[in-house]
Amino acid sequence: MGATDNTRSSQEQAIHLAGPENSRLFFSGPPRALTGTIPLINSGADKQKIRSVAVSTGDLMGAAGLPFREFPFYARLGPGEQANISGKMMLDRKTPPGNYDVRITVGARTLPATVYVTEVVDLRVQPRQITILAGSHSSHTREFILENLGNVDLPIGAQCEVPLFESLDLVSSMVTGLHKAGKDSAESMVRGLLREWSELQAGTLVIKRDAKILRAGQKAAIDVEFRLPPELKPVRRYHTNLQLYNAPVSVDIYTTAKIGSSQNRKSRSQ
């Protein structure tokens, strides 16, 4: 196959690469969407079309993990017509970032080309939402599936921390704060409002896991421990959003009438 019409061999085809002898073509982008422009000319007396372009890439692999030898490319030119036509290569998504020298052939002419593969950070996490029913235990463990669909290795640290908020919207919090505040002055009402807003943050949620490096294309299951802050109040709902690279995880925590360890409950009651 290659840069051929259905009824003509590559030797007979009149569409070929245009440009001076020292021309070099360029493609750039992520591995699955490398775009560039190919200059063409139809030197024949009839309309012609091509449906693919032959390429010599050395060890580069295509999207299906097979050697990359050609890519779909449609062009239709009339007699003597010239055109710069955009094309797209699709390589294996794990192709590392960097510059690669390849050779592109259309008709009887071949030109060198440089392929610039850009960095792609693409981490997928399942599940993307978890619910913790917090009783007397302050530590809860969940299993997550991580998959690195990018082309760079991703370090996964052993610990991260995020603020935890009581799930009370600002309007409700404002009404509650105004209700609790003294009504003798605007200053006391504003102070009560701000106090209620400040209490929406309920401490820091600590997330712990085994540190590791997730290689490009790798998929792994990991256990993640969630350590709840001692400031949580009973019979409440708390919420936070985690972000690990481009992967979000939503966390909801519901507390019972007996939250945290007995020691924590005792210290809060004093």
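It should be emphasised that the depicted structure is a prediction, and the values quoted were computed from it without experimental measurement. (Residues numbered from 1 in each chain as written. Predicted model: local features only at pLDDT ≥ 70, side-chain atom pairs only at ≥ 80, totals over all residues. Heavy atoms only, no water.)

J.: For the overall build of the chain, give the residues involved together with the corresponding values.
T.: When helices and strands are tallied, the chain shows three helices and 18 strands. The 270 residues of the chain split such that 39% are buried. Sequence-distant contacts in the chain: of pairs separated by 6 or more residues, those separated by 24 or more amount to 68%. Surface exposure of the chain reaches about 14900 Å², of which carbon and sulfur atoms provide 53%. (Helix = DSSP H or I, 4+ residues; strand = E, 2+ residues; numbered from the N terminus. Buried < 20%, exposed > 50% of the residue type's maximum accessible area, 1.4 Å probe, protein only. Contact = heavy atoms within 4.5 Å. Areas by Shrake-Rupley, 256 points an atom, 1.4 Å probe, with all protein chains shown as cover.)

J.: Describe in detail the pattern of salt bridges, supporting the description with residues and values.
T.: With the rule as written, the count across this model stands at seven salt bridges. Across the pair Lys-94 and Asp-92 runs a salt bridge whose closest N-O atoms are separated by 3.4 Å. We classify Lys-94 as partly exposed; its relative accessible area is 39%. Note on Asp-92: relative accessible area 14%, which makes it buried. (Salt bridge = Lys/Arg side-chain N within 4 Å of Asp/Glu carboxyl O.)

J.: Can you break down the packing of aromatic side chains residue by residue, with the values?
T.: According to the stated counting rule, one finds four aromatic pairs in the structure shown. Relative to Tyr-116, the ring of Phe-26 lies with its centre 6.3 Å away and its plane at 5 degrees, an arrangement referred to as stacked. Taken together, the residues span a long stretch of sequence, with Phe-26 in strand S2 (residues 25-29) and Tyr-116 in strand S8 (residues 109-117) at a distance of 90 residues. On the accessibility criterion, Phe-26 (44% relative accessible area) is partly exposed. Ring centres of Phe-68 and Phe-71 lie 6.2 Å apart, and the angle between their planes is 15 degrees; this geometry places the pair in the stacked category. Exposure class is identical for Phe-68 and Phe-71. Each is buried. An aromatic cluster of three or more residues is present, and its members are Phe-27, Phe-68 and Phe-71. (Phe/Tyr/Trp six-rings, centres within 6.5 Å; stacked < 30°, edge-to-face > 60°.)

J.: Quick one: what's the story with the environment of Val-117, residue by residue and with numbers?
T.: With respect to the helices and strands, Val-117 occurs in strand S8. Here Val-117 falls in the buried class, since its relative accessible area comes to 6%. Residues Val-117 and Gly-98 lie 19 residues apart in sequence; the distance between their C-alpha atoms is 5.3 Å. With residues up to four places along the chain from it excluded, the contact list for Val-117 reads Gly-29, Pro-31, Leu-34, Leu-91, Thr-95, Pro-96, Pro-97, Gly-98, Tyr-100 and Asn-151.

J.: Can you break down the nonpolar core residue by residue, with the values?
T.: Counting 28 residues, the largest nonpolar core has Phe-144, Leu-146, Leu-205, Phe-226, Val-251 and Ile-253 as the members making the most contacts within it. In this view, Val-251 contacts Ile-130, Ile-132, Leu-205, Phe-226, Tyr-238, His-239, Thr-240 and Leu-242; residues no more than four positions away in its chain are not counted. Core analysis: the next-biggest nonpolar cluster, separate from the first, contains 27 residues, Leu-25, Ile-38, Val-55 and Ala-113 among them. (Core = buried A, V, L, I, M, F, W, Y, C linked by side-chain atoms within 4.5 Å.)

J.: Describe unusual backbone geometry, naming the residues involved and giving the relevant values.
T.: The step from Gln-126 to Pro-127 runs through a cis peptide bond, and the omega angle for that step is 0 degrees. Locating Pro-127 in the fold gives a position in the loop between strand S9 (123-126) and strand S10 (129-134). Even without glycine at this site, Val-235 takes up a positive phi of about 55 degrees. Its location among the elements puts Val-235 in the loop between strand S16 (219-227) and strand S17 (237-244). Phi is positive for Tyr-245, which is not a glycine, with a value near 55 degrees. Judged by its relative accessible area of 35%, Tyr-245 is partly exposed.

J.: How would you sum up the pairing of strand S5 (residues 70-77)? Please name residues and give values.
T.: Within a regular strand, the side chains alternate between the two sheet faces. Across the two faces of S5 the burial differs, with Phe-71, Phe-73, Ala-75 and Leu-77 buried and Glu-70, Pro-72, Tyr-74 and Arg-76 not buried at all. Note: strand S4 (residues 48-56) against S5, six bridges, orientation antiparallel. If you follow Val-53 over to S5, its bridge partner there is Phe-71. (Pairing = 2+ DSSP bridges.)

J.: Just give me the short version of the pairing of S4, but keep the residues and values in it.
T.: Bridging between S4 and strand S7 (residues 98-106) involves three bridges; their strand directions are antiparallel. Note that in S7 the partner of Ala-54 across the bridge is Thr-105.

J.: Lay out the environment of Thr-114 in plain terms, naming residues and giving numbers.
T.: If you trace the backbone, Thr-114 turns up in strand S8. Thr-114 sits 15 residues away from Asn-99 along the chain, and the two C-alpha atoms are 6.6 Å apart. In this view, Thr-114 contacts Arg-24, Leu-25, Phe-26, Phe-27, Asn-99, Tyr-100 and Asp-101; residues no more than four positions away in its chain are not counted. Among the polar contacts made by the side chain of Thr-114, one reaches the side chain of Arg-24 at a distance of 2.8 Å. (Polar contact = N/O pair within 3.5 Å; in protein donor to acceptor, adjacent residues only side chain to side chain.)

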